[in-house]
Amino acid sequence: MQTRKRQMDHSTTINIPGIKKRGRRTLIYLILLLFSIVNGYPIIWMVMNSFKSSQEFSLNPFGLPIDWIFTNFREAWFTANIGTFFFNSIFIGLTAVLIAVITGGLAAFFLSRFDFKGKKYLYGFLVVGLLIPIHSTLVPMYILMQNLGMLNTYWALIFPYVAFNLPITIFLLTSFMSTFPKEIEESAIMDGAGVFRIFWSIMLPMTKPAIATAVVINFINNWNEFAFALVLISDEALQTLPLGLANFAGAYTTNYPAQMAGLTIVLIPTIIFYLVMEKQIVEGMTQGAVKG
Amino acid sequence: MLISAPFIIVNVNGYYDGSGYVHLLNSPWKIAIGLLPPLLIYLIFSIIPIFISFYYSFMSWDGFADMQFIGLNNYIEAFKDSTFWRSVKNNILVVLASVIGQISIGLTLALLLNQKLSGGKFFRTIGFLPVVISTVVISITWKMIYNSEDGMLNNFLGIIHLDFLARNWLGNPETAMYAILITIIWQFVGLYFIIFLSALQTVPKEMLEAAVLDGASEIQKTFYITVPAIKNVILVSIVLCISGSLKTFDLIYVMTNGGPAHSTEVMATYMYHETFSGLNYGYGSTISVLIFVFSLILVFITTKIIRIRQD
């Protein structure tokens with residue numbers, strides 16, 4: 001009781017002069033600033049040092065480069081085959097996104113706009129995949145791909161990427177499509193449009209914001225995926241960026257700036273993509289929790 | 001572009017019941033066409049592998065020669081295997097560190113930033129950045145930070161004259177796991193920070209204003225109104241955090257590969273090593289079944305606890 005009273009007194013003193021309030025604000029800013037430094041500096045440190053020579057890196061590890069050099073990037077690009085990895089990552093990532101969003105979108109359309117037996121169970125079954133620990137399937141996936149003859153092909157990654165992104169895709173699109181009023185299809189049906197035409201010409205355009213979110217989340221997941229690539233792809237010509245980078249870093253342990261240049265080449269597009277699509281990325285990654 | 005031709009309308013009659021509700025009871029094959037492709041991909045590449053690993057977990061198999069059925073032997077071996085138990089323990093450590101570190105730091109920061117500060121956008125953008133970056137990039141960067149010679153951490157300790165604390169963080173079995181836990185917390189704090197921040201926007205302002213009129217202090221407002229108002233989001237985040245931290249593999253594979261001396265092994269890396277380095281497919285499958293069961297139990301228990309708390 002007494003502590004409570006004291007706290008209340010405390011609050012009135014804060015509210016009157018505004019000086020203590022300013023002090024508290026400064027403290028909050030300091031904490032948030034510290035957080036930003038801890039969060040951002042390791043990344044800045046890495047990017048900065050990729051422009052230094054090995055000697056400068058060991059003499060001046062914390063500051064901006066005095067001599068900006070670009071040889072590390074040339075070395076990383078050519079020895080690590082980053083061009084090939086880039087192509088593979090983009091090709092595999094985009095193909096998987098396309099399949100996941102079209103098939104997932106169609107499923108979401110039927111799950112949200114129609115009524116049929118077992119609909120709830122089907123939806124639950126598809127969405128529960130969100131909780132499957134992906135890596136518990138690494139070994140069986142390898143055996144499965146071996147039996148299907150898909151090891152060391154693009155499909156070895158495309159199919160698992162689609163499968164593991166379908167739950168979040170269906171979740172995002174179904175919850176968005178369920179919010180449309182029913183009248184929307186009614187007039188289309190009166191006009192004589194078939195189901196798939198309604199999906200293609202009415203539903204998809206209306207679902208654009210959610211589709212953008214789904215595409216971005218799918219692509220980021222695929223772009224960053226490592227474990228399946230490690231297990232299912234051994235041919236260097238088919239490796240994706242995370243796998244290629246890990247191998248490159250493993251082989252270049254002594255030359256830090258070259259390693260950092262390799263990382264920076266991969267990081268810059270990610271950051272640009274993030275800054276441009278921040279809204280969709282954040283939405284896609286947090287919606288599951290906020291909407292329960 | 002809608003085409004209104006008479007023959008299409010005839011087709012359409014089958015699934016428009018005139019009550020304002022559209023259904024497809026009369027043409028189930030259209031539902032099938034729509035639902036089969038995703039369902040098939042999902043079944044084959046997400047659900048069936050779980051059954052495959054169940055099947056192989058009863059076998060002794062090196063991946064090449066003939067398989068041999070050995071019943072529950074792999075499971076018995078796992079229960080006696082001290083390295084396996086160590087990996088379970090490390091997995092639990094990862095879950096605990098993530099739940100405690102990420103959720104509490106994320107919540108604190110979100111509550112701080114929620115006080116109508118200018119520059120909020122900046123803190124959000126920087127805060128979320130590590131979540132977007134590939135785990136491989138993060139792992140290699142942190143491996144360099146922890147490096148004993150040119151690492152940022154030891155350099156920094158040198159600058160502030162704490163050289164005696166400098167060590168080979170990842171090379172020492174005593175410190176390696178803790179170093180990894182810090183990186184794991186760092187990687188995902190931003191996710192929960194942003195989740196809580198957007199949940200806080202939904203707290204009704206009237207409630208807070210009423211509390212101010214009643215003379216509540218900032219701290220009272222926070223603990224008696226704001227936090228209870230987003231309780232559900234916090235609980236869901238805990239489930240997400242647990243299932244997310246059970247997926248840890250890349251980070252440890254790249255940073256320490258489970259070493260030194262298995263001190264940072266988690267179940268997924270141990271499964272990988274047993275299968276692909278030890279060529280022990282049967283045993284690897286057993287571990288993968290155990291990962292699945294372990295995760296299910298953990299998620300199930302937390303969901304149960306949360307249900308009870310919500311009621």
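Computed from a prediction, not measured in an experiment: that's the story for all the values here.

### Description of the overall build of chain B
Consideration 1: Scanning chain B from N- to C-terminus turns up 14 helices and two strands.
Consideration 2: In summary, chain B has a C-alpha radius of gyration of 26 Å against a globular reference of 19 Å for 311 residues, an excess of more than 25%.
Consideration 3: With the C-alpha coordinates of chain B rotated into their principal frame, the extents come out at 85 × 75 × 40 Å.
Consideration 4: Residues counted as buried form 39% of the 311 residues belonging to chain B.
Consideration 5: Once local pairs closer than 6 in sequence are excluded, the contacts in chain B between residues at least 24 apart make up 68%.

### Remarks on the overall build of chain A
Consideration 1: Secondary structure summary: chain A contains 15 helices and zero strands in total.
Consideration 2: In terms of overall dimensions, chain A has a C-alpha envelope of 70 × 70 × 35 Å along the principal axes.
Consideration 3: Residues counted as buried form 46% of the 292 residues belonging to chain A.
Consideration 4: Across chain A, every contact between residues at least 6 apart in sequence was considered, and the portion connecting residues at least 24 apart equals 77%.

### So, the interface of chain A and chain B
Consideration 1: Tallying the contact residues gives 85 residues for chain A and 92 residues for chain B.
Consideration 2: Residue contributions to the side of chain A that touches chain B peak at 11 residues, all from helix H2 (residues 19–49) of chain A.
Consideration 3: Looking at the side of chain A that touches chain B residue by residue, the classes come out as 56 nonpolar, 22 polar and seven charged.

### Comments concerning the confidence of the model for chain B
Residues and elements named next belong to chain B.
Consideration 1: Across chain B, the average pLDDT comes to 84, with 90% of residues at 70 or higher.
Consideration 2: Taking the mean pLDDT of every element in chain B, the minimum, 30, falls on helix H1 (residues 6–13) and the maximum, 94, on helix H12 (residues 250–255).
Consideration 3: With pLDDT under 50 throughout, residues 1–25 is counted as low confidence; its partners more than four residues away or in other chains account for 41 contacts.

### Considering helix H13 (residues 267–277) of chain B
Residues and elements named next belong to chain B.
Consideration 1: With nine of 11 residues buried, H13 is to be regarded as a mostly interior element.
Consideration 2: Residues Met267, Ala268, Thr269, Tyr270, Met271, Tyr272, His273, Glu274 and Thr275 constitute the buried set of H13.
Consideration 3: Within two residues after H13, Leu279 carries a phi angle of roughly 45 degrees, on the positive side.

### Notes on the packing of helix H13 (residues 241–251) of chain A against helix H6 (residues 135–146) of chain B
Consideration 1: Between H13(A) and H6(B), whose axes approach to 9 Å, the crossing angle comes to 20 degrees. In terms of axis orientation, H13(A) runs roughly parallel to H6(B). At the point where H13(A) passes H6(B), the crossing takes the left-handed sense. Contacts between H13(A) and H6(B) involve A:Pro242, A:Leu245, A:Ala246 and A:Ala249 on the former and, on the latter, B:Val136, B:Val137 and B:Ile140.

### Some points on the nonpolar core
Consideration 1: Grouped together as the largest cluster of nonpolar side chains are 162 residues, with contacts concentrated most on A:Val162, A:Leu232, A:Leu245 and B:Phe196.
Consideration 2: Here this core takes 16 residues from helix H8 (residues 155–177) of chain A, the largest share from any one element.
Consideration 3: Shared between two domains, this core takes at least three residues from each, and those domains are domain 1 (2–74) and domain 2 (81–290) of chain A.
Consideration 4: Those residues in contact with A:Leu232, other than ones at most four positions away along the chain, are A:Met141, A:Tyr142, A:Met145, A:Leu151, A:Ala156 and A:Leu157.

### Some details on the domain arrangement of chain A
Residue and element names in this part refer to chain A.
Consideration 1: Domains assigned within chain A are domain 1 (2–74) and domain 2 (81–290).
Consideration 2: The C-alpha-based centres of domain 1 and domain 2 are spaced at 34 Å.
Consideration 3: Each partner contributes residues to the interface: domain 1 has 10 residues there, and domain 2 has 10 residues.
Consideration 4: When residues of the side of domain 1 that touches domain 2 are traced back to their parent elements, those giving at least two are H2, helix H3 (54–59) and helix H4 (71–79).
Consideration 5: A per-element tally of the side of domain 1 that touches domain 2 places H2 first, with three residues.

### Some details on unusual backbone geometry
Consideration 1: Non-glycine residue A:Asn152 carries a positive phi angle of around 60 degrees.
Consideration 2: Owing to 14 C-beta atoms within 10 Å, A:Asn152 belongs among the partly exposed residues under this scheme.
Consideration 3: A positive phi angle, close to 45 degrees, is found at B:Leu279, a residue other than glycine.
Consideration 4: Residue placement: B:Leu279 occurs in the loop between H13 and helix H14 (281–310).
Consideration 5: Residue classification places B:Leu279 among the partly exposed positions, given that 13 C-beta atoms sit within 10 Å.

### Regarding the packing of helix H5 (residues 120–132) of chain B against helix H8 (residues 176–200) of chain B
All names here are of chain B.
Consideration 1: At a closest axis distance of 6 Å, the pairing of H5 and H8 adopts a crossing angle of 130 degrees. Judged by the inter-axis angle, H5 sits oblique to H8. You can see that H5 and H8 cross each other, and the crossing is left-handed. Contact residues: Arg124, Gly127, Phe128, Leu129, Pro130 and Val131 in H5; Trp186, Gln187, Phe188, Gly190, Leu191, Phe193, Ile194 and Leu197 in H8.
Consideration 2: In terms of residue class, the contact of H5 with H8 is built from 10 nonpolar, three polar and one charged.

### Re the environment of A:Thr71
Residues and elements named next belong to chain A.
Consideration 1: Within the secondary structure, Thr71 is located in helix H4.
Consideration 2: On the basis of neighbour counts, which here come to 12 C-beta atoms within 10 Å, the residue Thr71 falls in the exposed class.
Consideration 3: When the C-alpha atoms of Thr71 and Asn165 are compared, they prove to be 38 Å apart, with 94 residues separating the residues in sequence.

### Re the environment of B:Asn280
Residue and element names in this part refer to chain B.
Consideration 1: As for its position among the elements, Asn280 is in the loop between H13 and H14.
Consideration 2: Here Asn280 falls in the buried class, since 21 other C-beta atoms lie within 10 Å of it.
Consideration 3: Linking Asn280 and Arg307, residues 27 residues apart in sequence, is a C-alpha distance of 40 Å.
Consideration 4: With near-sequence residues (within four places) excluded, Asn280 lies in contact with Asp62, Glu274 and Thr275.

### As for the environment of B:Leu246
Consideration 1: Residue placement: B:Leu246 occurs in the loop between helix H11 (231–245) and H12.
Consideration 2: For the pair formed by B:Leu246 and B:Ser98, sequence separation is 148 residues and the distance between their alpha carbons is 9.9 Å.
Consideration 3: Once you skip the residues sitting within four places of it in the chain, B:Leu246 turns out to touch A:Pro133, B:Asn91, B:Val95, B:Ser295 and B:Leu298.

### Regarding the confidence of the model for chain A
Consideration 1: When pLDDT is averaged across chain A, the result is 85; 92% of the residues are at 70 or more.
Consideration 2: Per-element mean pLDDT across chain A ranges from 45 in helix H1 (residues 2–15) of chain A up to 94 in helix H12 (residues 227–232) of chain A.

Rules used in this analysis
Residues numbered from 1 in each chain as written. Chains lettered and ligands numbered in written order. Predicted model: local features only at pLDDT ≥ 70, side-chain atom pairs only at ≥ 80, totals over all residues. Helix = DSSP H or I, 4+ residues; strand = E, 2+ residues; numbered from the N terminus. Rg over C-alpha atoms; globule rule 2.2 N^0.38 Å. Buried ≥ 20, exposed ≤ 12 C-beta atoms within 10 Å, placed from the backbone. Contact = placed C-beta atoms within 7 Å. Nonpolar A, V, L, I, M, F, W, Y, C, P; charged D, E, K, R; others polar. pLDDT = per-residue confidence, 0-100. Axes fitted to C-alpha atoms, helices over the stretch in contact; angles between N-to-C directions. Parallel < 35°, antiparallel > 145°, perpendicular 65-115°, else oblique. Left-handed = near helix turned anticlockwise from the far one by under 90°. Core = buried A, V, L, I, M, F, W, Y, C linked by C-beta atoms within 7 Å. Domains from an automatic or database assignment.

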